[in-house]
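Per-entry structural report
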Amino acid sequence: MVMKYNGGSKMLIGFDLDGVLCDLNIPLLESIDGIQDAVERRTKQNIYLKERTPLLHPKNLLYASDSSVIITGRPLWTEMVTREWASWTYSTNIPLYFIDPPLGFRYDGRLLQY
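None of the values given here were measured: they were computed from a predicted structure.

Thoughts on the pattern of salt bridges
The tally for this structure, following the rule as stated, stands at three salt bridges. We note a salt bridge from Arg52 to Asp23, for which the minimum N-O separation is 2.9 Å. Of this pair, Arg52 sits in the loop between helix H2 (38-50) and strand S3 (67-72) while Asp23 sits in the loop between strand S2 (11-16) and helix H1 (26-33), placing them 29 residues apart in sequence. According to the relative accessible area criterion, Arg52 is buried, its value standing at 9%.

Overview of the nonpolar core
Formed by 13 residues in total, the largest nonpolar core has its most connected members in Leu17, Leu21, Ile70, Trp85, Ala86 and Tyr90. Listed by contribution, the elements that provide at least two residues to this core are S2, helix H3 (79-90) and strand S4 (96-100). No other element matches the three residues that H3 contributes to this core. If we ignore the near neighbours within four places in the chain, the residues touching Leu17 are Cys22, Ile70, Ile71, Thr72, Arg74, Thr82 and Trp85.

Here we look at H2
Here H2 spans 18 Å end to end across 13 residues, near enough to the 18 Å set by a 1.5 Å rise per residue. By the burial criterion, the buried members of H2 are Gln45, Tyr48 and Leu49. Angularly, the buried residues of H2 cover 95 degrees about the axis, an arc narrow enough to put them on a single face. Residues of H2 that are exposed and angled more than 90 degrees away from the buried face: Val39 and Lys50. Taken together, the buried residues of H2 touch H1 and H3.

Definitions and limits used
- Throughout this document, residue positions are counted from 1 along each chain, in the order its sequence is written.
- The predicted origin of the model limits local features to residues at a pLDDT of at least 70 and limits the giving and counting of side-chain atom pairs to 80 or more, whereas totals for whole chains, interfaces and linings rest on all residues.
- Hydrogens and waters are ignored; side-chain quantities use all the structure's heavy atoms.
- Whenever Lys or Arg places a side-chain nitrogen within 4 Å of a carboxyl oxygen from Asp or Glu, that contact is recorded as a salt bridge.
- Helix and strand definitions here come from DSSP, where helices need a minimum of 4 consecutive H or I residues and strands a minimum of 2 consecutive E residues; each element is numbered from the N-terminal end.
- Here's how the labels work: a residue is buried when its accessible area is under 20% of the maximum for its type, exposed when over 50%, partly exposed in between, all with a 1.4 Å probe on protein chains only.
- Among buried residues, those of type Ala, Val, Leu, Ile, Met, Phe, Trp, Tyr and Cys that are joined through side-chain atoms within 4.5 Å constitute a nonpolar core.
- Contacts are assigned to residue pairs with any non-hydrogen atoms lying within 4.5 Å of each other.
- Any helix carries an expected span of 1.5 Å times its number of residues minus one.
- Each direction from the helix axis to a C-beta atom contributes to the arc, which is the arc of those directions.

Now the structure itself:
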């Protein structure tokens, strides 16, 4: 988690997605990465992403005056399935940031360069 003081009693708190907000299964990911057929590998990757188990909800760690964002290092090709999962899981509009070093930084549809 990343915390930033905004002055007064308000805080903006960033939550990492994989391994913090949802479970992370490294052996399964490694197994999927070993699939030679690209179409099958992408299908299995999308299933994996859709079936992540929530570990905590940001609202349970915030005061009423606080706000939060979700940060992920997932590649940009996972954006749609990741946003769908977050929307379904949290049913609130928590901003979702993608950090993909080769391409830049993506927030709500805009690609920003480093």
